[in-house]
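# Residue-level structure breakdown
The chain contents come next:
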Amino acid sequence: MNKDFIDFCHKTFDPSRLFMNAPMRFHTTFCIGGPADMLFYPASIDEVQKIIQAAKSYGEPITLMGNGSNILVRDGGIRGLVVRFNHTMSSIVASGSDITVGAGALLKDAAAFAQRQGLTGMEFAAGIPGSIGGAIFMNAGAYDGEMKSIVTQVKTVSAAGEIRSYAAHELDFDYRHSIFHEREEAICEVRLHLTPGNPADILEKMTDLNGRRKSRQPLEYPSAGSTFKRPPGYFAGTLIDEAGLKGFTVGGAQVSRKHAGFIVNIGGATANDVQRLIAAVQERVYARHAVRLVPELRIIGEP
């Protein structure tokens, strides 16, 4: 990395939130990934703006990430700067039926906050292991709920370091897609509109959905959640199961024996193991069903 950029970062930001050669296996739910040259936890939208402007000025590439729950970082790691949103940007504030949430807040924490406020609409998100920012990027959803149904505004920092604001209709939400797939912008703050409800009823629904998740998903192993997008008219897990691939293993990566829609790290898996397993699953499912599975998880970094 550019030494002047490194010096600027250490002089400008809290060094306790800057990490050099940070192993990304400690920053993803897959527990896989080579080192990032520099990893930074911002504490405000101003800090996001400053570090993006500086990285651009010094020619350093930027990678943006939230909780690392839908990402596979390849074994060569990530060059340049990783801006990771976590608890340092996780404020949650209520105003009537709206809540404003920092991008680093976990979905489960925002859902629990809404429940305590007597606001319904976020129950579907209570068991999704991601951050609000990542959930906007992917239009995360579960149990017939999606982020697009509750988002009203998103505040970002653009690749040029400009602070921008988007209304819901500008976000191009679709199945596991938002406008930010085409725009390299740091999602910093989100406003959600919910509906008044009974806290006890909301909690009961959250408890039910979390119970279903625990009974059906392989939470005992590291993973990146559902590996493949749902093909139109099918369920990826069913296709994989019918292809006889439950338990199929490459290195430390395995098609879950509990839910075939998940690839799990059963111990010491590399990104290469996961990618080889993904390719094998795609090939076998296509040969049996003539359906092409498309990965849902983002694959980033260098081989």
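This structure is a prediction, so every number in the text was calculated from the model and none was measured.

### Here we look at the packing of helix α3 (residues 107–116) against helix α5 (residues 199–216)
Viewed as axis vectors pointing N to C, α3 and α5 meet at an angle of 150°, and their least axial separation amounts to 8 Å. One finds that α3 runs roughly antiparallel with respect to α5. Contacts between α3 and α5 involve A111, A112 and Q115 from the first element and P199, I202, L203 and M206 from the second. Tallied by class, the residues present in the contact of α3 with α5 amount to six nonpolar, one polar and no charged.

### As for the domain arrangement of the chain
What the domain assignment reports for the chain is domain 1 (3–84), domain 2 (89–216) and domain 3 (228–300). With centres defined by C-alpha atoms, the gap from domain 2 to domain 3 works out at 27 Å. Contacts between the two partners involve seven residues from domain 2, matched on the other side by six residues from domain 3. Where domain 2 abuts domain 3, roughly 610 Å² becomes buried across the two surfaces, and 54% of that area is made up of carbon and sulfur atoms. On inspection of domain 2 and its partner domain 3, the count reaches one salt bridge.

### Examining the side chain of H177
Of note, H177 is situated in the loop between β12 (163–167) and β13 (186–193). Reaching out from H177, the side chain makes a polar contact with the backbone oxygen of D172 at a distance of 3.2 Å. Once residues lying within four places of it in the same chain are set aside, the contact partners of H177 are F137, M138, N139, D172 and E182.

Rules of the game
Residues numbered from 1 in each chain as written. Predicted model: local features only at pLDDT ≥ 70, side-chain atom pairs only at ≥ 80, totals over all residues. Heavy atoms only, no water. Axes fitted to C-alpha atoms, helices over the stretch in contact; angles between N-to-C directions. Helix = DSSP H or I, 4+ residues; strand = E, 2+ residues; numbered from the N terminus. Parallel < 35°, antiparallel > 145°, perpendicular 65-115°, else oblique. Contact = heavy atoms within 4.5 Å. Nonpolar A, V, L, I, M, F, W, Y, C, P; charged D, E, K, R; others polar. Domains from an automatic or database assignment. Buried area = accessible area lost by both parts, 1.4 Å probe. Salt bridge = Lys/Arg side-chain N within 4 Å of Asp/Glu carboxyl O. Polar contact = N/O pair within 3.5 Å; in protein donor to acceptor, adjacent residues only side chain to side chain.

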